[in-house]
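Each chain, letter by letter, is given below.
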Amino acid sequence: MSSDKSYIRRCFELALLGKGKEGTNPIVGAVIVHDGRIIGEGWHQQYGGAHAEVNAVSSVREEDIHLLVDSTIYVSLEPCFHHGNTPPCVNLILDKGFRRVVIACLDVDERVCGNSVLKLKDHGVEVSLGVLEDEGKHLVRRFFTYKQENRPYIILKWAQSKDGFIGKDGEQVWLTGKVSKTLVHKWRAEESAILVGTNTAVVDNPQLTNRLYPGEPPLRIVLDRQQRLSKTAHLMDGQVPTWYVTEQPFDHPHVRSMVMPFDEKLIPNLLDALFGHKMKSLIVEGGSELLSTFIRLGLWDEARIFTADKRLGHGIKAPDFPFDTIHERIQVGDDQLDIIMKPTS
């Protein structure tokens with residue numbers, strides 16, 4: 001079991017290499033082991049491309065191909081059962097004659113969800129399921145949320161001072177350092193969309209891009225009920241696809257106008273629109289009122305809170321966040337980062 005865990009952990013490491021490129025698919029890693037030696041590795045590198053199991057088999061050297069029938073394949077998520085952009089990976093595993101398959105967790109997609117495990121067992125393959133299961137589920141939490149709750153995985157993110165303020169009225173305030181800023185750009189490259197409210201857009205004039213980190217930029221979304229944002233603002237520059245959510249029709253060549261009532265259904269309606277456009281994850285970057293709305297509605301999955309080594313004395317209070325079970329605490333330059341996962345019911 002200890003060796004099984006070490007190889008599954010390697011699957012997790014490989015899976016993370018595909019983060020931000022998987023589209024609505026899960027990130028997955030696979031490792032092929034023969035007699036204690038890794039002979040193949042792979043991960044899902046690009047949406048629409050080969051899955052982890054296919055890439056792992058393809059990585060096996062020609063002189064080791066004959067070893068597959070006596071090898072174990074480790075996978076971070078149950079192999080796919082259905083035809084999509086690629087053939088079912090469970091068929092590949094059977095075709096190559098693997099004697100054993102070790103899987104971290106079942107796929108929640110109703111087209112899979114245990115079907116591959118049953119098929120493997122029906123064909124005489126030994127299957128070990130649930131190795132580091134909780135870690136496996138955490139790895140694909142965006143995909144699971146998207147499939148099970150029909151909405152994007154929601155990450156709340158803000159920076160606050162030591163005395164609990166996120167900024168000052170009508171004034172742009174930088175709290176965190178350069179290392180934290182680069183990390184935030186990395187996060188943006190890994191998620192589907194990013195959202196800000198009117199005040200943040202007007203006062204900070206953010207670009208909401210990942211220009212400090214390689215990868216695809218997220219869809220930018222701004223809520224602007226009264227159309228206060230300048231037409232020359234960064235969010236209107238056309239550099240990145242942008243949704244401009246407002247109550248009245250709005251014409252601008254570089255943004256997509258999304259007309260929605262600004263009532264109690266605004267956020268659920270926006271999430272429905274994102275789900276319909278296959279956006280698997282969303283970062284909510286502020287301001288305080290918008291973040292507080294998501295918290296009040298219970299529409300969040302993860303919070304990433306920077307606390308800077310600064311005091312403001314007065315200003316805009318950070319959101320009232322009554323959750324204190326810290327999943328991870330990291331020192332990022334001079335800033336402290338707390339990652340909090342939403343409690344499970």
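Up top you'll find the structure we're talking about.
About the cut-offs
- Residues numbered from 1 in each chain as written.
- Predicted model: local features only at pLDDT ≥ 70, side-chain atom pairs only at ≥ 80, totals over all residues.
- Heavy atoms only, no water.
- Buried < 20%, exposed > 50% of the residue type's maximum accessible area, 1.4 Å probe, protein only.
- Helix = DSSP H or I, 4+ residues; strand = E, 2+ residues; numbered from the N terminus.
- Pairing = 2+ DSSP bridges.
- Axes fitted to C-alpha atoms, helices over the stretch in contact; angles between N-to-C directions.
- Parallel < 35°, antiparallel > 145°, perpendicular 65-115°, else oblique.
- Contact = heavy atoms within 4.5 Å.
- Phe/Tyr/Trp six-rings, centres within 6.5 Å; stacked < 30°, edge-to-face > 60°.

## Some thoughts on the pairing of strand 13 (residues 302-307)
Right, on to step 1. With 6 of its 6 residues buried, strand 13 lies for the most part within the structure.
Right, on to step 2. Side chains Glu-302, Arg-304 and Phe-306 project from strand 13 onto one buried face, and the interleaved Ala-303, Ile-305 and Thr-307 project onto a second face that is buried too.
Right, on to step 3. The sheet contact formed by strand 6 (residues 153-160) and strand 13 spans 6 bridges and is parallel. Pairing of Leu-156 across the sheet is with Ala-303, part of strand 13.
Right, on to step 4. As paired strands, strand 13 and strand 16 (residues 335-341) are joined by 6 bridges and run antiparallel to one another. The residue bridging Phe-306 from the neighbouring strand is Leu-337, located in strand 16.

## Overview of the packing of helix 2 (residues 52-59) against helix 3 (residues 89-96)
Right, on to step 1. Where helix 2 meets helix 3, the axes come as close as 9 Å, and the angle between the chain directions of the two elements is 30°. When the interaxial angle is binned, helix 2 and helix 3 end up roughly parallel. The segment helix 2 lies against helix 3, with Glu-53, Val-54 and Val-57 engaging Cys-89, Leu-92, Ile-93 and Lys-96.

## Details of the sheet that holds strand 4 (residues 100-103)
Right, on to step 1. One open sheet accounts for 5 strands, arranged 2-1-3-4-5; its pairing is mixed. The open sheet terminates on both sides in strands that have one partner only, identified here as strand 2 (37-43) and strand 5 (126-129). The mean angle between the axes of side-by-side strands here comes to 15°, regardless of whether they run parallel or antiparallel.
Right, on to step 2. The sheet contact formed by strand 3 (residues 72-75) and strand 4 spans 4 bridges and is parallel. Within the sheet, the bridge partner assigned to Val-75 lies in strand 4 and is Ile-103.
Right, on to step 3. The sheet strands contacting helix 2 are strand 1 (29-34), strand 2 and strand 3, and the helix crosses strand 2 at an angle near 135°.

## Digging into the environment of Val-28
Right, on to step 1. Its location among the elements puts Val-28 in the loop between helix 1 (2-16) and strand 1.
Right, on to step 2. Taking C-alpha positions, Val-28 is 7.7 Å from Leu-16, a pair spaced 12 residues apart along the chain.

## Observations regarding the environment of Leu-271
Right, on to step 1. Structurally, Leu-271 can be placed in helix 9 (residues 266-276).
Right, on to step 2. Linking Leu-271 and Ile-154, residues 117 residues apart in sequence, is a C-alpha distance of 9.5 Å.

## Observations regarding the packing of aromatic side chains
Right, on to step 1. In the structure shown here, the tally under the stated rule is 9 aromatic pairs.
Right, on to step 2. Taking the centre distance of 5.6 Å and the plane angle of 80° together, the rings of Trp-158 and Phe-321 count as edge-to-face. Residue Trp-158 is located in strand 6, and its partner Phe-321 is located in the loop between strand 14 (316-317) and strand 15 (326-332); the two are separated by 163 residues in the primary sequence. Neither Trp-158 nor Phe-321 differs from the other in exposure class; each is buried.

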